[in-house]
Amino acid sequence: MKQLGILGLCVVLGVGLAACQPLYGGKPEKLHNPEKKKPPPEPPDTATEIKYIDDCTASFQDDPRKCHPQPQLAHTLIDVGDTALASSDKATEANAKVGLIRDAIDKYRNALLKDPYSTDATLKLAIAYDRVLRKGCALAMLKRLAALSNNPKFAQEANRAIDSVGDNSEWFKGYHKDAMGAVGR
């Protein structure tokens with residue numbers, strides 16, 4: 001038994017000495033800092049330029065003597081146009097979006113045929129034209145709105161619509177300064 005005790009003691013001492021040795025051998029290598037590299041140059045900011053259509057072939061002037069205003073029917077058409085324009089925001093497919101905006105433009109145009117002095121239809125038609133990048137037609141509608149503000153009968157509504165153009169910087173975003181010039185502000 002004595003031999004077993006001495007042998008056990010030797011094993012314990014041998015394991016203990018082995019455990020005190022460095023695990024991988026000698027001293028660890030000194031770590032070097034990596035070289036500092038310049039970040040890659042950022043690509044130039046290529047903002048896509050929006051191409052607006054400056055000309056407008058639509059005629060917004062008819063003989064007012066031939067007109068028989070129907071404001072109730074015009075208001076109904078404006079509501080349908082508003083629904084189509086709001087639905088275009090929710091549409092995911094590009095063709096569906098354009099189709100809904102086109103429907104809204106048709107409804108607003110028909111509303112103006114029913115009530116040529118509707119400032120609401122005039123402003124909403126300008127906004128719809130802006131959504132399809134028809135800058136020329138949008139500016140023509142805004143000029144029409146300015147002309148309505150010169151008529152004492154429609155001045156209050158027209159001025160309210162003109163003020164809303166100034167208040168909403170999202171409308172006519174690419175040419176807001178031109179839009180404000182068109183309404184005379």
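Cut-offs applied
- The residue numbering used here restarts from 1 in each chain and proceeds along that chain's sequence as written.
- Predicted model: local features are reported for residues with pLDDT of at least 70 only, side-chain atom pairs are reported and counted for 80 or more only, and whole-chain, interface and lining totals are derived from all residues.
- To obtain the side-chain values, all non-hydrogen atoms of the structure were included, while hydrogens and water were left out.
- Elements are defined by DSSP. Helices are runs of H or I of four residues or more, strands are runs of E of two residues or more, and each kind is numbered from the N terminus.
- Three labels apply to residues, based on accessible area from a 1.4 Å probe with only protein chains included: buried if under 20% of the type maximum, exposed if over 50%, partly exposed otherwise in between.
- Throughout, a residue-residue contact means that at least one pair of heavy atoms, one from each residue, lies within 4.5 Å.
- With residues, only the protein chains shown are counted as cover, and all accessible areas are computed by Shrake-Rupley using a 1.4 Å probe.
- One less than the residue count of a helix, multiplied by 1.5 Å, gives the span that helix is expected to have.
- Every residue gets a pLDDT, meaning the predictor's confidence in that residue, from 0 to 100.
- Here, the term nonpolar core denotes a set of buried Ala, Val, Leu, Ile, Met, Phe, Trp, Tyr and Cys residues that are joined through side-chain atoms within 4.5 Å.

A.B. asks: Which parts of the structure should I look at to understand the overall build of the chain?
C.D. replies: Helix and strand counts for the chain come out as seven helices and zero strands. Counting only residues that meet the buried cut, the chain has 30% of its 185 residues in that class. Put simply, of all contacts in the chain between residues at least 6 apart along the chain, 60% involve residues at least 24 apart. Accessible area for the chain stands at about 13800 Å²; split by element, carbon and sulfur atoms hold 57% of it.

A.B. asks: Sorry if this is basic, but what is going on with the environment of Val132 here?
C.D. replies: Of note, Val132 is situated in the loop between helix 4 (119–131) and helix 5 (135–149). Measuring from C-alpha to C-alpha, the distance between Val132 and Val98 comes to 7.5 Å, with 34 residues separating the pair along the chain. Ignoring sequence-local partners within four residues, the contact set of Val132 consists of Ile101 and Ile105.

A.B. asks: I would appreciate a short explanation of helix 3 (residues 94–114) in the present structure.
C.D. replies: In an α-helix there are 3.6 residues to a turn, and that puts residues three or four apart on one side. With 21 residues, helix 3 should cover 30 Å at 1.5 Å per step; its first-to-last C-alpha distance of 30 Å lies within 8% of that length. Taken together, the buried residues of helix 3 touch helix 2 (71–90), helix 4 and helix 5.

A.B. asks: Help me out: how do you make sense of unusual backbone geometry in this one?
C.D. replies: Most peptide bonds are trans, and most residues other than glycine sit at a negative phi. Residues other than glycine seldom take positive phi values, yet Leu133 does so here, at roughly 65 degrees. In this fold, Leu133 is placed in the loop between helix 4 and helix 5. The exposure class of Leu133 is partly exposed, given its relative accessible area of 31%.

A.B. asks: Where do I start with the confidence of the model for the chain in this structure?
C.D. replies: Of the residues in the chain, 74% reach a pLDDT of 70 or more, and the chain-wide mean stands at 79. Looking across the chain, the model is least confident in helix 1 (residues 2–20), with a mean pLDDT of 58, and most confident in helix 4, with 90.

A.B. asks: Would you mind going over the nonpolar core with me for this structure?
C.D. replies: Soluble globular proteins tend to pack their nonpolar side chains together in the buried interior. Tyr108, Leu123, Leu125, Tyr129, Leu142 and Phe172 are the most contacted members of the largest nonpolar core, which totals 33 residues. Among the elements of the structure, helix 2, helix 3, helix 4, helix 5, helix 6 (155–167) and helix 7 (176–182) are those that each provide at least two residues to this core. The dominant element in this core, judged by the number of residues it contributes, is helix 4, at seven residues. Not counting chain neighbours up to four residues away, the residues in contact with Tyr108 comprise Ile78, Gly81, Asp82, Leu85, Ala121, Lys124, Leu125 and Ala128.

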